[in-house]
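# Fold and geometry: a report
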Amino acid sequence: MPELPELAAHAERLDAGWAGARLERTEPLGFTVLKTVDPPPEAAHGAAVASVGRRGKHLLLRLEPPAPDQPSLAFVVHLMQAGRLRADARLARRPRGGLWRWRFADREALLLTEAGTERRVGVWLVRGDPCAQEPLAGLGPDADALDREALAARLTGQTGRIHTVLRDQRVLAGLGRRLANEVCHRAGLSPFARADRVDGEALDRLATALSEGLAEELATERERDDLGSARERATRVHGRTGEACPACGDVVREVAYRDYAIHYCARCQTGGRVLADNTTSRFVR
Ligand SMILES: [Zn+2]
């Protein structure tokens, strides 16, 4: 799933291309993609795009208010695993995987697609502050906005494993499985460490890993011209089970779950201990 740096760079590209564009009309291409009924999509027609931004793992297309004293509308888009939002020059009647299209009076159209058959991508149209409403209302602060003290405050009272807590969008927003793996490795921290017990030097390292990791990835993503795919991303441990750890040369290991895996280096992160998915064990840290 695209995570904070990929989406931040993609929002910047969309903003550069479509800020100021006048929305002519919207075209629903899939039945279940629009998650809201009020306001109706027609209410957005004719408005100019104020900006394209990001909140958590959502893209945020803000429109100019219809009049200075009226609330503005915004489209919130969640691409989930396989969604893409990009320019649409072809304007096919039934584009492959097509879910939603924005037609502009003075720019290329934007087309939202989803590969595969899961149909998990969502679009919300909201009136007023989008960050105060579903689906954004319950999100924690964006992961790239947290310094050490703010991070410490977010982890207070979180008794889950740090790898799980880092991915909890209500605690901090924007990280998924890849970044949770990468940040734990960068910080030299066991993915199974209890979140509220990460303190002192470990917390220093986690805060640094988070800010430096996100900044490095954002710089890389800014060089792309599209969202790209997970396979194109350079990683240290994520998806590299059996390969050599780039920091120490030890083998990268995994704890496999039904639909994902935690990747880590025992030498760098757990003092050499091999982790097992045994949630009843209180001794694995
Ligand atoms: Zn290592």
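Within each chain, residue numbers correspond to sequence positions counted from 1 in written order. Only residues with pLDDT of at least 70 are given local features in this predicted model, and only at 80 or more are side-chain atom pairs given and counted; all residues enter the totals for whole chains, interfaces and linings. Hydrogens and waters are ignored; side-chain quantities use all the structure's heavy atoms.

## Things to note about the sheet that holds strand E6 (residues 98-104)
Sheet strands pair via backbone hydrogen bonds, and the direction of the pair is either parallel or antiparallel. The strand order across the open sheet formed by 4 strands is E1-E6-E7-E5, and the pairing between neighbours is antiparallel. At either end of the open sheet lies a strand with only one pairing partner, and these are strand E1 (23-28) and strand E5 (83-88). Strand after strand, the sheet turns through a mean of 15° between neighbouring axes, direction not considered. Strand pairing requires that DSSP identify at least two bridges connecting the strands. Helix and strand assignments follow DSSP, with helices taken as H or I runs no shorter than four residues and strands as E runs no shorter than two, numbered in order from the N terminus. One ladder, built from 6 bridges, connects E5 with strand E7 (residues 109-114); its direction is antiparallel. Bridging across to E7, Ala 87 finds its partner in Leu 110. All axes here are fitted lines through C-alpha atoms, helices being fitted over the stretch that makes contact, and every angle between N-to-C directions spans 0 to 180 degrees.

## Looking at the packing of aromatic side chains
The pairing test for Phe, Tyr and Trp rings, Trp by its six-membered ring, is centres within 6.5 Å, and the orientation test on the planes gives stacked under 30 degrees, edge-to-face over 60, and tilted for anything in between. In total, this model carries 3 aromatic pairs according to the counting rule given. Measuring from centroid to centroid gives 6.2 Å for Trp 100 and Trp 102, while their planes differ by 65°, and the two rings are edge-to-face. Ring geometry for Tyr 257 and Tyr 260: centres 5.0 Å apart, planes at 15°, overall stacked. An aromatic cluster of at least three residues, connected via ring pairs, comprises Phe 75, Trp 100 and Trp 102.

## Focus on the coordination of the zinc ion
Note on donors: an N, O or S atom is included if it sits within 2.8 Å of the metal, or within 3.2 Å for Na, K and Ca, and water is never included, so sites can look incomplete. Coordination of the zinc ion by the protein comes from Cys 245 (SG), Cys 248 (SG), Cys 265 (SG) and Cys 268 (SG), over a distance range of 2.2 to 2.4 Å. Here the metal geometry follows the donor angles, with tetrahedral for four donors whose angles all fall between 85 and 135 degrees, square planar for four and octahedral for six when opposite donors are more than 155 degrees apart and every other angle is between 65 and 115, and irregular for all the rest. Classification of the site at the zinc ion rests on its 4 donor atoms, whose angles at the metal span 97 to 113°, yielding the label tetrahedral. All donors to the zinc ion come from one chain, and their sequence spacing reads C-x2-C-x16-C-x2-C. With a gap of 20 residues between them, Cys 248 in the loop between helix H5 (200-221) and strand E9 (252-256) and Cys 268 in helix H6 (residues 266-269) connect regions that are remote in the sequence. Judged by its relative accessible area of 25%, Cys 248 falls in the partly exposed class. Burial classes: relative accessible area under 20% of the type maximum marks a residue as buried, over 50% as exposed, and values in between as partly exposed (1.4 Å probe, protein chains only).

## Brief notes about the packing of helix H2 (residues 148-155) against H5
Running from amino to carboxyl end, H2 crosses H5 at an angle of 110°, the nearest separation of the two axes being 9 Å. The angle between H2 and H5 places the two elements in the roughly perpendicular class. Handedness of the H2/H5 crossing: right-handed. Note on element contacts: H5 touches H2 through Gly 200, Leu 203, Asp 204, Leu 206, Ala 207 and Leu 210, opposite Arg 148, Leu 151, Ala 152 and Leu 155. When an angle is under 35 degrees it counts as roughly parallel; over 145 it counts as roughly antiparallel; between 65 and 115 it counts as roughly perpendicular; any other value is oblique. By definition, any crossing whose near helix is turned counterclockwise from its far helix by less than a right angle is left-handed, and any crossing with a clockwise turn is right-handed. The contact rule is simple, with two residues in contact once any of their heavy atoms fall within 4.5 Å.

## Quick notes on the environment of Gln 70
Examined against the element boundaries, Gln 70 turns out to sit in the loop between strand E3 (58-63) and strand E4 (73-78). On a C-alpha basis, the gap between Gln 70 and Arg 224 in space is 37 Å, while along the polypeptide they are 154 residues apart.

## Considering the side chain of His 78
Along the chain, His 78 falls in strand E4. Under the rule applied, a polar contact is a pair of N or O atoms within 3.5 Å (in protein, one hydrogen donor and one hydrogen acceptor; residues adjacent in sequence only if both atoms are side-chain atoms). Among the polar contacts made by the side chain of His 78, one reaches the main-chain amide nitrogen of Met 80 at a distance of 3.0 Å. His 78 has contacts with Met 1, Lys 57, His 58, Val 121, Gly 122 and Trp 124, leaving out every residue within four places of it along the chain.

## Quick notes on helix H1 (residues 4-18)
Every α-helix carries 3.6 residues per turn, so stepping three or four residues along brings you back to the same face. The span one expects for a helix is its residue count, reduced by one, times 1.5 Å. End to end, H1 covers 20 Å across 15 residues, agreeing with the expected 21 Å (1.5 Å per residue, within 8%). Where H1 is concerned, the buried positions are Leu 4, Pro 5, Glu 6, Leu 7, Ala 8, Ala 9, His 10, Ala 11, Leu 14 and Trp 18.

## Quick look at the environment of Arg 127
Among the secondary structure elements, Arg 127 is positioned in strand E8 (residues 122-127). Given the relative accessible area of 39%, Arg 127 is considered partly exposed. Every residue in contact with Arg 127, bar those within four places of it in the chain, is listed here: Asp 38, Pro 39, Pro 71, Ser 72, Leu 73 and Gln 133.

## Structural notes on the domain arrangement of the chain
Here the chain is described as being made up of domain 1 (4-132) and domain 2 (143-269). Listed as interface residues are 17 residues of domain 1 and, on the opposing side, 21 residues of domain 2. Roughly 1,400 Å² of surface becomes buried between domain 1 and domain 2 when both sides are summed, with 57% attributable to carbon and sulfur atoms. What makes a salt bridge here is a side-chain nitrogen of Lys or Arg within 4 Å of a carboxyl oxygen of Asp or Glu, nothing more. At the surface where domain 1 touches domain 2, the tally comes to 4 salt bridges. Residues Glu 12 and Arg 222 are paired through a salt bridge, measuring 2.7 Å at the closest nitrogen-oxygen approach. Here domain 1 and domain 2 share 9 residue pairs in polar contact (both at pLDDT 80 or more) between them. Taken together, the elements giving at least two residues each to the side of domain 1 that touches domain 2 come down to H1, strand E2 (49-55) and E5. Per-element tally for the side of domain 1 that touches domain 2: the top contributor is H1, with 9 residues. Throughout this entry, Asp, Glu, Lys and Arg are counted as charged residues, while Ala, Val, Leu, Ile, Met, Phe, Trp, Tyr, Cys and Pro are counted as nonpolar. The remaining residues, Gly among them, count as polar. Classifying every residue of the side of domain 1 that touches domain 2 by side-chain character gives 6 nonpolar, 3 polar and 8 charged. What marks off one domain from the next here is an automatic or database domain assignment. Reported buried area values correspond to the accessible surface (1.4 Å probe) lost by two parts on association, with both partners' losses combined.

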